[in-house]
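Okay, here's what each chain looks like letter by letter:
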2 protein chains.
Amino acid sequence: MAATTDIPGYSLGSDAVARSPVTPADFELMKKSALFGDDDVRALRASHEIVKDQVEAILDVWYGFVGSQPHLLGSFSGQRDGQPLGDYLGAVRKRFGQWILDAARAEYDQRWLDYQHEIGLRHHRTRKNRTDGAASTDIVPFRDLFALIFPVTFTLRPFLAKKGHSAEQVEQMHAAWVKSCLLQLTLWSHPYVKDGDF
Amino acid sequence: MAATTDIPGYSLGSDAVARSPVTPADFELMKKSALFGDDDVRALRASHEIVKDQVEAILDVWYGFVGSQPHLLGSFSGQRDGQPLGDYLGAVRKRFGQWILDAARAEYDQRWLDYQHEIGLRHHRTRKNRTDGAASTDIVPFRDLFALIFPVTFTLRPFLAKKGHSAEQVEQMHAAWVKSCLLQLTLWSHPYVKDGDF
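Definitions and cut-offs
- Residues numbered from 1 in each chain as written.
- Chains lettered and ligands numbered in written order.
- Predicted model: local features only at pLDDT ≥ 70, side-chain atom pairs only at ≥ 80, totals over all residues.
- Heavy atoms only, no water.
- Helix = DSSP H or I, 4+ residues; strand = E, 2+ residues; numbered from the N terminus.
- Rg over C-alpha atoms; globule rule 2.2 N^0.38 Å.
- Buried < 20%, exposed > 50% of the residue type's maximum accessible area, 1.4 Å probe, protein only.
- Contact = heavy atoms within 4.5 Å.
- Areas by Shrake-Rupley, 256 points an atom, 1.4 Å probe, with all protein chains shown as cover.
- Least-squares fit on C-alpha atoms with pLDDT ≥ 70 in both.
- Phe/Tyr/Trp six-rings, centres within 6.5 Å; stacked < 30°, edge-to-face > 60°.
- Lys NZ or Arg CZ within 6 Å of the ring centre and 35° of its normal.
- Expected span 1.5 Å × (residues − 1).
- Axes fitted to C-alpha atoms, helices over the stretch in contact; angles between N-to-C directions.
- Parallel < 35°, antiparallel > 145°, perpendicular 65-115°, else oblique.
- Nonpolar A, V, L, I, M, F, W, Y, C, P; charged D, E, K, R; others polar.
- Salt bridge = Lys/Arg side-chain N within 4 Å of Asp/Glu carboxyl O.
- Buried area = accessible area lost by both parts, 1.4 Å probe.
- pLDDT = per-residue confidence, 0-100.
- Left-handed = near helix turned anticlockwise from the far one by under 90°.

(A) Structural detail: the overall build of chain A. Across its full length, chain A holds nine helices and zero strands. Counting from the amino terminus, chain A carries its helices and strands in the arrangement α-α-α-α-α-α-α-α-α. Rg of the C-alpha trace for chain A: 16 Å, near the compact-globule value of 16 Å for 198 residues, within the 12% margin. Counting the 198 residues in chain A, one finds 55% classified as buried. Nonlocal contacts in chain A, meaning residues at least 24 apart in sequence, comprise 78% of its contacts between residues at least 6 apart. Accessible surface computed for chain A: about 8800 Å², of which carbon and sulfur atoms make up 54%.

Below, the structure is given as structure tokens:
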């Protein structure tokens, strides 16, 4: 189920989002490759209750990391002057917060698949900057997409542990997040991959 | 330092391997994106001592997983009849065992970078099957490359714990392996990614 939000550019479930080239049957096989099962769906949904009131604190950590790495901050900086674009960073941040909630919701229907493809297009040169009218760089380089799964999930872990769950439960939620990110980043990569190679 | 081996097709350090399009400076930045630091190099090297006499047992688990998933086994099966190719599976297995040792060695010099690119070409349609003269499918699909990081590193963990290291040390080694795999799979993806998008 798509969330109803007032976040500009957040279009999960909207008719404006095109059909994903990845079918639900393809995604079922991808889940098998990642050892992603029903336990992971349950673990992600359990994490929703935990993270929903910590979204801004989580984003503070993630934005702090990206902001500390010039080669990452570059994707949010001016194409010409290389200066960070505050409006762009702020607009993306609202959708990034909603992404945390959607990732934890783990509702893998057609609309979710379609929106993952849209997110990929917005990282790729196909549509980067368009949603926010940003005068930034042309593309988020492929080389950094998957690498970021580690800092994102590693720094999420302490937040997962803040509501009194057992070490085993936190470990299960963390593993489910890692798998979920591997699958999502693979979907986001589609526009980067040569035709026929996905 | 390249290992001296008699493994057919294992060519780390050989003049037959072309220069990687990814420079050492690029790789340094990729490491930063993954939060990969000197502690991770130390943790990987500590794991070398642990895994070096467990390579065949680790491969048994990994091959068992791939063999249980028809969509994964397909990349080691006949292009025409879809039957698993025993010779191909066996030839790749020897290099896969050496890969475990090389990944744990964590010697990121130019020759290592070059060989990572070679490994990518051998997964991609550019060079798949050629090393072993296999009559298999044209490409290992991109969609499964990163997903496999989870089962590979998750099933490695019990092996890392078999030599009496503390839970914290095992956790550090496991995390270093996850980061290392994220970085290596990114390097392997280069042939799949559109020109200029890496």
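(B) Broad picture of the relation of the copies chain A and chain B. Superposition record for chain A on chain B: RMSD 0.0 Å, screw rotation 180°, translation along axis 0.0 Å. In short, the pair behaves as if placed about a two-fold rotation axis. Closest to the rotation axis within chain A is the C-alpha of valine 193 of chain A, separated from it by 2.3 Å. A share of 100% of interface residues in chain A that are also interface residues in chain B marks the association as one of identical surfaces.

(C) Layout of the packing of aromatic side chains. The final tally for this structure, using the stated rule, is 38 aromatic pairs over all chains. Seen from their ring centres, tyrosine 10 of chain B and tyrosine 115 of chain B are 5.4 Å apart, and the 80° between their planes marks the pair as edge-to-face. Placement of tyrosine 10 of chain B in the segment before helix H1 (24-33) and of tyrosine 115 of chain B in helix H6 (residues 110-123) is noted, with a sequence separation of 105 residues between them. Assessed through its relative accessible area of 5%, tyrosine 115 of chain B is described here as buried. Here the aromatic rings of phenylalanine 96 of chain B and tryptophan 99 of chain B are separated by 5.7 Å at their centres, their planes lie at 55°, and the arrangement is tilted. One end of the pair is phenylalanine 96 of chain B and the other is tryptophan 99 of chain B, both in helix H5 (residues 86-105) and three residues apart, which spans about a single turn. Assessed through its relative accessible area of 10%, tryptophan 99 of chain B is described here as buried. Here a set of aromatic residues connected by ring pairs shows up, and it is made of Trp62, Tyr63, Phe76, Tyr88, Phe96, Trp99, Trp177 and Trp188 of chain A. Here the guanidinium or amino end of arginine 93 of chain A rests over the ring plane of tyrosine 63 of chain A, the centre of that ring lying 5.3 Å away.

(D) Main features of helix H8 (residues 149-160) of chain A. With twelve residues, H8 of chain A should cover 16 Å at 1.5 Å per step; its first-to-last C-alpha distance of 16 Å lies within 8% of that length. Where H8 of chain A is concerned, the buried positions are Ile149, Phe150, Pro151, Val152, Thr153, Leu156, Phe159 and Leu160 of chain A. For H8 of chain A, the elements touching its buried residues are helix H2 (38-51), helix H3 (55-67), helix H7 (142-145) and helix H9 (167-188) of chain A together with H1 and helix H9 (167-188) of chain B.

(E) Region of the structure containing the packing of H9 of chain A against helix H8 (residues 149-160) of chain B. The N-to-C vectors of H9 of chain A and H8 of chain B enclose an angle of 150°; their axes lie 10 Å apart at closest approach. The angle between H9 of chain A and H8 of chain B falls in the class roughly antiparallel. Of the residues in H8 of chain B, those in contact with Glu171, Ala175, Val178, Lys179 and Leu182 of chain A of H9 of chain A are Ile149, Phe150 and Arg157 of chain B. Broken down by class, the residue content of the contact of H9 of chain A with H8 of chain B amounts to five nonpolar, no polar and three charged.

(F) Summary view of the pattern of salt bridges. The full count for this structure, using the stated rule, is 34 salt bridges over all chains. The salt bridge partner of arginine 19 of chain B is aspartate 114 of chain B, with a shortest N-O separation of 3.6 Å. You can see arginine 19 of chain B sitting in the segment before H1 and its partner aspartate 114 of chain B sitting in helix H6, a full 95 residues away along the chain. We classify aspartate 114 of chain B as buried; its relative accessible area is 8%. One continuous salt-bridge network, built from bridges that share partners, spans Arg157 and Glu171 of chain A together with Arg157 and Glu171 of chain B.

(G) Spatial organisation of the interface of chain A and chain B. Taken together, the contacts link 41 residues of chain A with 41 residues of chain B. At the boundary of chain A with chain B, total buried surface from both sides reaches about 3500 Å², with 62% on carbon and sulfur atoms. Looking only at chain A, the three residues that lose the most surface to chain B are Ser33, Arg143 and Phe150 of chain A, adding up to 20% of its buried area. Put simply, chain A and chain B have six salt bridges between them. The partner of arginine 157 of chain B in a salt bridge is glutamate 171 of chain A, with the nearest N and O atoms 3.7 Å apart.

(H) Unusual backbone geometry, seen in detail. Residues and elements named next belong to chain A. Positive phi outside glycine occurs at leucine 35, with the angle close to 60°. With respect to the secondary-structure elements, leucine 35 resides in the loop between helix H1 (24-33) and H2. Given the relative accessible area of 34%, leucine 35 is considered partly exposed. Even without a glycine there, the phi angle at asparagine 129 is positive, about 80°. The topology assignment puts asparagine 129 in the loop between helix H6 (110-123) and H7.

(I) Representation of the environment of leucine 185 of chain B. Residues and elements named next belong to chain B. With respect to the helices, strands and loops of the structure, leucine 185 is situated in helix H9. In this structure the C-alpha to C-alpha distance between leucine 185 and isoleucine 149, which are 36 residues apart in sequence, comes to 8.5 Å. With near-sequence residues (within four places) excluded, leucine 185 lies in contact with Leu145, Phe146 and Ile149.

(J) Molecular detail of the confidence of the model for chain A. Chain-level pLDDT for chain A is 97 on average; 98% of the residues reach the 70-or-more range. Complex prediction metrics read pTM 0.97 and ipTM 0.97.

(K) Representation of the packing of helix H5 (residues 86-105) of chain A against H9 of chain A within the structure. Residue and element names in this part refer to chain A. In the contact formed by H5 and H9, the axes pass within 11 Å of each other and the chain directions differ by 110°. One finds that H5 runs roughly perpendicular with respect to H9. Seen from above, H5 lies across H9 with right-handed handedness. Contacts between H5 and H9 involve Trp99, Ile100, Ala103 and Ala104 from the first element and Trp177, Cys181, Gln184 and Trp188 from the second. Grouping the amino acids of the contact of H5 with H9 by side-chain chemistry returns seven nonpolar, one polar and no charged.

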